[in-house]
Amino acid sequence: MEYFLQQLINGLTLGAIYGLIAIGYTMVYGIIGMINFAHGEIYMIGAFISLISIMLLESLAGGSVIVALFVVLIVAMILTSLYGWALERIAYRPLRSSPRLAALISAIGMSIALGNYIQLTQGARNKTLQPIVQGNLELMKRDDGFTVVLSYMQIGIIVTTIVLMAAFSLMIAKTSLGRAQRACEQDRTMASLLGVNVDRTISLTFVMGAALAAVAGFLVVLYYGVIDFYIGFLAGIKAFTAAVLGGIGSIPGAMLGGLLIGLIEAFWSGYFSIEYKDVAAFAILVLVLIFRPTGLLGRPEVEKV
Amino acid sequence: MTDAPPLLRVEHLSMHFGGLVAIDDLSFDAARGEITAIIGPNGAGKTTVFNCLTGFYKPTVGRLTMQRDDTPWQLEQLEDYRIARDAGVARTFQNIRIFPQMSVLENLIVAQHHVLMKASGYSALALIGIGGYRKAEREAVALARYWLERVNLVERADEDAGSLSYGAQRRLEIARAMCMRPALLCLDEPAAGLNPRETGELNDLLGFIRAEHDIGLLLIEHDMGVVMGISDKVVVLDYGRKIADGTPEQVRNDPAVIRAYLGEEDDALEFVGGA
């Protein structure tokens, strides 16, 4: 029981991070119908920007930790958004009227290019960070000494994710921008005829996806304290799996899918074998694609008349 | 004839697709407060005219000038979203294009996107109600409600637009176009697929729009009952060329029109006369 609880906490934390990345995949798919395979690299860049800003702030020293972290988060979101914006501008917009395959290849190319760019500029070795947010709550203690621990960092991750997702869902549902996004998803040409600037709406979608990925990168840097230029690949594919599991194109689906993938990974590592945790996650991808290609919350593709 | 330029002036419009000439040197005007109908047999190029007006196609040759707020807008040079936003041209489609997964009300609010974005300062600040957004949103809903009442869809405002009947979706599409506060409303076969009762309601709606809102209407129509009943002016196309232009009376009696539209049999002549 105690062990289960611990894995549940770990899984939720991991799932929150996957969910944040998965939203970027699902939104972009929703609006332009392509998988942005460079999104994992955007997340990785977010993590690097966070790490560099933390180190910069540390060297300057002083001030409250919370304020400093908040500043880092904002900086990471803004700079990473610029990458997301530029990515769409350079690699996808010129190909918008080409076949989807062209954009997909462009995405894979951008993914490799961004990965190599970070490898060249930051080096290939692991980057580490001393833990900043320490301390934890001991929830339960078993007789043999096993303790269920909920760290402050985990609380931070889960709370941040919930707040962001709530704000984000509200924005999609209630604001004019969110409405424009949904309109572009359903009929881009018609949206344009109603005076919606479709190019700008697509750009903003990339910016928002990148900002959420930056938050995920920021949280991972603080949580694990180790990153390298390659983290984007695995996290990206897992988040993609999460988006497909939840139903690609559906934002609540991406959140749900992220949580499920995180939980599956944590429980698989806890009860079976940690070496095979990635296999477990990707087996889910295969099973979903075979048995429920629209995902848990996805709508079946309806032929447009 | 007045000296003021007309609401819409189409001059020497030609549209070629490869070797195919879809529209050949077409010129006509559409005035504010009038219903101008474009009629013609299938394949005459009617929808192509609309597609040029709304930025789907860039005309091969020609000038399309909209007058709005005393400013001339060259439609053939505008980016497509600005044709709606700045030049004030709204359109509906032959095959309806509503947003099926949005509520009826939201369909009408999307049409007011530009106004709302302006009020929210182009940001997500709208979420916390900063600036004039709340007020702008109330006004947007009020305008939407006004048009929902006109098209008898108030009780269905919160349903998914995709669940409406065909006729109701058509009315919604017109309401949505009107929510953009257009200067010119282009309707592509609005009566297609409607039963006689619905066609009657449509005529009333178009008459109301002309009477109460000082805008121009441009209409593509097959249904002669609709065209002759409500149009102030009719432009007849055949094989991309204008073959007649005038009041319904003039056009109805024009031999070239009768030949193009119906062949030369006597029955057909009677049909046109009685429609």
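Above this text sits the structure in question.
Note that the coordinates shown come from a computational prediction; the quantities given were computed from them, not determined experimentally.

Chemist: How do you make sense of the interface of chain B and chain A when you look at a structure like this?
Modeler: As a measure of interface size, the accessible area lost when the parts come together is often cited. On the side of chain A, 26 residues touch chain B, which itself brings 29 residues to the contact. Between chain B and chain A the total buried area reaches about 2600 Å² when both faces are included, carbon and sulfur atoms providing 63% of it. For the pair chain B and chain A, the interface holds three salt bridges. Among the salt bridges present, the one from Arg179 of chain A reaches Glu137 of chain B, with a minimum N-O distance of 4.0 Å. Linking chain B to chain A there are five residue pairs in polar contact (both at pLDDT 80 or more). Secondary structure elements with two or more residues in the side of chain B that touches chain A: helix H2 (80-85), helix H3 (104-110), helix H4 (113-119) and helix H5 (133-150) of chain B. Considering each element in turn, the side of chain B that touches chain A owes the most residues, four residues, to H2 of chain B.

Chemist: Honestly, the sheet that holds strand E7 (residues 184-188) of chain B in this entry has me stumped. Any pointers?
Modeler: Either a parallel or an antiparallel arrangement is found when strands of a sheet pair, and the pairing is made through backbone hydrogen bonds. Residues and elements named next belong to chain B. Strand order in the open sheet formed by six strands is E6-E7-E8-E3-E9-E10, with mixed pairing between adjacent strands. Unpaired on one side and paired on the other, strand E6 (89-91) and strand E10 (241-246) mark the two borders of the sheet. Here the strands of the sheet are splayed against their neighbours by 20° on average, with no regard to which way each runs. Pairing analysis gives four bridges linking strand E3 (residues 35-39) to strand E9 (residues 233-238), with the strands arranged parallel. Bridging across to E9, Ile39 finds its partner in Val236.

Chemist: Could you clarify how one ought to interpret the pattern of salt bridges in this entry?
Modeler: Side chains carrying opposite charge are able to pair once their charged atoms draw close together. Evaluation of the coordinates by the stated rule reveals 24 salt bridges over all chains. Notably, a salt bridge pairs Lys238 of chain A with Asp278 of chain A, separated by 2.7 Å at the nearest N-O pair. Of this pair, Lys238 of chain A sits in helix H9 (residues 231-246) while Asp278 of chain A sits in helix H11 (residues 277-291), and the two are 40 residues apart along the sequence. Classification of Lys238 of chain A by relative accessible area gives buried; the value is 2%. For the salt bridge of Arg197 of chain B with Glu201 of chain B, the shortest nitrogen-to-oxygen distance reads 2.9 Å. Of this pair, Arg197 of chain B and Glu201 of chain B are both found in helix H7 (residues 196-212), four residues apart, which corresponds to roughly one turn of the helix. We classify Arg197 of chain B as exposed; its relative accessible area is 56%. Note on Glu201 of chain B: relative accessible area 29%, which makes it partly exposed.

Chemist: Before we go on, may I ask you to explain unusual backbone geometry in this structure?
Modeler: A negative phi holds for most residues other than glycine; trans holds for most peptide bonds. All names here are of chain B. With a phi close to 50°, Asp25 is a non-glycine residue in the positive phi region. Considering the arrangement of structural elements, one finds Asp25 in strand E2 (residues 20-30). Taking relative accessible area as the criterion, Asp25 reaches 41% and is therefore assigned partly exposed. With a phi close to 50°, Arg181 is a non-glycine residue in the positive phi region. Structurally, the position occupied by Arg181 is in the loop between helix H6 (166-178) and E7.

Chemist: Please clarify how the side chain of Thr205 of chain A should be interpreted in this entry.
Modeler: Residue and element names in this part refer to chain A. The residue Thr205 is located in helix H8 (residues 198-224) in this model. Of the residues examined, Thr205 reaches a relative accessible area of 1% and is grouped as buried. Within the local environment of Thr205, its side chain forms a polar contact with the backbone oxygen of Thr201, the two atoms lying 2.8 Å apart. In this view, Thr205 contacts Met27, Val28, Ile31 and Gln181; residues no more than four positions away in its chain are not counted.

Chemist: How should I be thinking about the environment of Arg292 of chain A in this particular structure?
Modeler: All names here are of chain A. On the secondary structure map, Arg292 appears in the segment after H11. On the basis of relative accessibility, which here comes to 41%, the residue Arg292 falls in the partly exposed class. Placed 47 residues apart in sequence, Arg292 and Leu245 show a C-alpha to C-alpha distance of 8.5 Å. Within the structure, the side chain of Arg292 is placed 2.6 Å from the backbone oxygen of Gly295, a separation counted as a polar contact.

Chemist: When you look at the sheet that holds E2 of chain B in this model, what are you seeing that I'm missing?
Modeler: Residues and elements named next belong to chain B. Reading across the sheet, the four strands line up as E2-E1-E4-E5 and stay open at both edges, with antiparallel pairing between neighbours. The open sheet has two edge strands, E2 and strand E5 (71-74), and neither has a second partner. Taken over all neighbouring pairs, the strand axes of this sheet differ in orientation by 25° on average, direction set aside. Where strand E4 (residues 61-68) meets E5, four bridges bridge the pair, whose relative direction is antiparallel. Within E5, the position partnered with Gln67 by the bridge is Pro72.

What counts, and at which threshold
- Residues numbered from 1 in each chain as written.
- Chains lettered and ligands numbered in written order.
- Predicted model: local features only at pLDDT ≥ 70, side-chain atom pairs only at ≥ 80, totals over all residues.
- Heavy atoms only, no water.
- Contact = heavy atoms within 4.5 Å.
- Buried area = accessible area lost by both parts, 1.4 Å probe.
- Salt bridge = Lys/Arg side-chain N within 4 Å of Asp/Glu carboxyl O.
- Polar contact = N/O pair within 3.5 Å; in protein donor to acceptor, adjacent residues only side chain to side chain.
- Helix = DSSP H or I, 4+ residues; strand = E, 2+ residues; numbered from the N terminus.
- Pairing = 2+ DSSP bridges.
- Axes fitted to C-alpha atoms, helices over the stretch in contact; angles between N-to-C directions.
- Buried < 20%, exposed > 50% of the residue type's maximum accessible area, 1.4 Å probe, protein only.

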